[in-house]
Amino acid sequence: MAKDSYLVGLIGSGIGPSLSPALHEREADRQGLRYVYRLIDLDVLGVGPEAVGTLVRAARDLGFDGLNITHPCKQVVLEHLDALSPQAEALGAVNTVVFGADGRAVGHNTDVTGFAASFARGLPDVALERVVQFGAGGAGAAVAHAMLTLGAGVVTVVDAMPERAAALAGALNGHFGAGRASYTTADELPGLLADADGVVHATPTGMAAHPGLPFAAELLRGELWVAEVVYRPLETELLRTARALGCATLDGGGMAVFQAADAFRLFTGREPDSGRMLADIGELAGAVKVRR
């Protein structure tokens, strides 16, 4: 018989504002499940991302059914798991860990499917030939895979650590074919954005704990579309600036919902109702919508 009670959690830094607990617990309540979702905040514990292995082992030993993993641990956690799903292995990043009955910790990535579903729903008709992406970390790897899966011609990656951007571009070309990805530095942004169709932002900038813009506001123009992964707040400074210029925009709420729905399915084996969860995030953090 299927279980009717679950204990899961989220490991990351500065995760106090996360809506994941409410999203998971609300859906579980509607399905008649006892479901407890705990935050395991590195900042509160006073430890760095290198502690993720210890925390994963402790959660397993304490009877957790699974964990979500967020910044800055999505890549660091890899070496502490027993196995990876094919997608997580291809990405080199994990955002969901499921503990099996045998105690094995298996890593998955629901960021790819979550972002792809949100983008297809929110910006279905935009041009995708030339996409600029900010961020080459765990979330960046996921959304770049999603964009190329959705049919982007070329994704150019920019990151504060150029070697990380280069590594992601190389991995993308290895997976999707030569020439599908490139990388550059922030110095090249004026020309790059002048020719781009759209921008994907996949860094923590704009979160409640990391306010601000990832690049100079004057580099935006109304013809660009702008997609965000940050969802707390739903209207980041980047989106607010872009909308004022007339850009088509997508906030991070849809990605948060669809990746949470996929994680819920992995944890419980039950089918979540993503429509109800979209209504939840609308109530919890403001309406999830596209503005043109």
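The notes below deal with the structure included here.

### Quick word on the nonpolar core
Part 1 of the reasoning: Membership of the largest hydrophobic core comes to 33 residues, with the highest contact counts inside it found for Phe 115, Phe 119, Leu 123, Met 147, Val 200, Trp 225 and Ala 227.
Part 2 of the reasoning: Per-element accounting of this core gives the leading share, 7 residues, to helix α6 (residues 138–149).
Part 3 of the reasoning: Residues in contact with Met 147, not counting those within four places in the same chain, are Phe 115, Phe 119, Leu 128, Val 131, Ala 152, Val 155, Val 200 and Trp 225.

### What about the pairing of strand β1 (residues 5–12)?
Part 1 of the reasoning: With respect to burial, β1 is a largely interior element, 6 of its 8 residues being buried.
Part 2 of the reasoning: Note that β1 and strand β2 (residues 34–41) share 8 bridges and pair parallel. What sits directly across from Gly 12, in β2, is Asp 41.
Part 3 of the reasoning: Bridging between β1 and strand β3 (residues 66–69) involves 4 bridges; their strand directions are parallel. The partner of Gly 9 across the bridge, within β3, is Leu 67.

### Side note on the layout of surface pockets
Part 1 of the reasoning: There is about 1,000 Å³ of room inside the largest pocket.
Part 2 of the reasoning: Examining the composition of the lining of the largest pocket, we find that 3 residues originate from one element, helix α10 (residues 253–268), more than from any other.
Part 3 of the reasoning: When the residues that make up the lining of the largest pocket are grouped by side-chain class, the tally is 27 nonpolar, 16 polar and 5 charged.

### Examining the pattern of salt bridges
Part 1 of the reasoning: Within this structure, the stated rule accounts for 17 salt bridges.
Part 2 of the reasoning: Here Arg 26 and Asp 280 are joined by a salt bridge, their closest N and O atoms 3.3 Å apart. Here Arg 26, found in helix α1 (residues 20–30), pairs with Asp 280, found in helix α11 (residues 274–285); they are 254 residues apart in sequence, far enough to count as distant.
Part 3 of the reasoning: Overall, Arg 26 belongs to the partly exposed group, its relative accessible area being 25%.
Part 4 of the reasoning: Shared partners join several salt bridges into a network, and the residues in it are Arg 26, Glu 27, Arg 30, Asp 273, Arg 276, Asp 280 and Glu 283.

### Side note on the packing of aromatic side chains
Part 1 of the reasoning: Tallying each qualifying case throughout the model produces 5 aromatic pairs.
Part 2 of the reasoning: Relative to Trp 225, the ring of Phe 119 has its centre 5.1 Å away and its plane inclined at 70 degrees; by these criteria the two rings are edge-to-face. With a gap of 106 residues between them, Phe 119 in helix α5 (residues 111–122) and Trp 225 in strand β11 (residues 225–228) connect regions that are remote in the sequence.
Part 3 of the reasoning: Three or more aromatic residues joined by ring pairs form one cluster here, namely Tyr 6, Tyr 35 and Phe 264.

### Some remarks on the packing of α5 against α6
Part 1 of the reasoning: At their nearest, the axes of α5 and α6 sit 8 Å apart, and the two run at 50 degrees to each other. Relative to α6, the element α5 is oriented oblique. The two elements α5 and α6 meet at a crossing, and its hand is right-handed. Only Ala 142, Val 143, His 145, Ala 146 and Met 147 of α6 make contact with α5, whose side of the interface consists of Asp 111, Val 112, Phe 115, Ala 116 and Phe 119.
Part 2 of the reasoning: A per-class count over the contact of α5 with α6 returns 8 nonpolar, 1 polar and 1 charged.

### Focus on the sheet that holds β1
Part 1 of the reasoning: Strands sit in the order β2-β1-β3-β5-β6-β4 across an open sheet of 6 strands; the sheet is mixed. Edge positions in the sheet fall to β2 and β4 (83–84), since each of these pairs with one other strand and no more.
Part 2 of the reasoning: Bridging between strand β5 (residues 96–99) and strand β6 (residues 105–108) involves 4 bridges; their strand directions are antiparallel. Among the inter-strand pairings, Val 98 is bridged to a residue of β6, identified as Val 106.
Part 3 of the reasoning: In the packing of α1 onto the sheet, contacts are made with β2 and β3, and the angle to β2 comes to roughly 170 degrees.

Basis of the calculations
Residues numbered from 1 in each chain as written. Predicted model: local features only at pLDDT ≥ 70, side-chain atom pairs only at ≥ 80, totals over all residues. Heavy atoms only, no water. Core = buried A, V, L, I, M, F, W, Y, C linked by side-chain atoms within 4.5 Å. Buried < 20%, exposed > 50% of the residue type's maximum accessible area, 1.4 Å probe, protein only. Helix = DSSP H or I, 4+ residues; strand = E, 2+ residues; numbered from the N terminus. Contact = heavy atoms within 4.5 Å. Pairing = 2+ DSSP bridges. 1 Å grid on protein atoms, 1.4 Å probe; cavity = no way out; pocket = protein on both sides within 12 Å on 5 of 7 lines; lining within 4 Å. Points joined across faces, edges and corners; volume = space filled by probe spheres on them. Nonpolar A, V, L, I, M, F, W, Y, C, P; charged D, E, K, R; others polar. Salt bridge = Lys/Arg side-chain N within 4 Å of Asp/Glu carboxyl O. Phe/Tyr/Trp six-rings, centres within 6.5 Å; stacked < 30°, edge-to-face > 60°. Axes fitted to C-alpha atoms, helices over the stretch in contact; angles between N-to-C directions. Parallel < 35°, antiparallel > 145°, perpendicular 65-115°, else oblique. Left-handed = near helix turned anticlockwise from the far one by under 90°.

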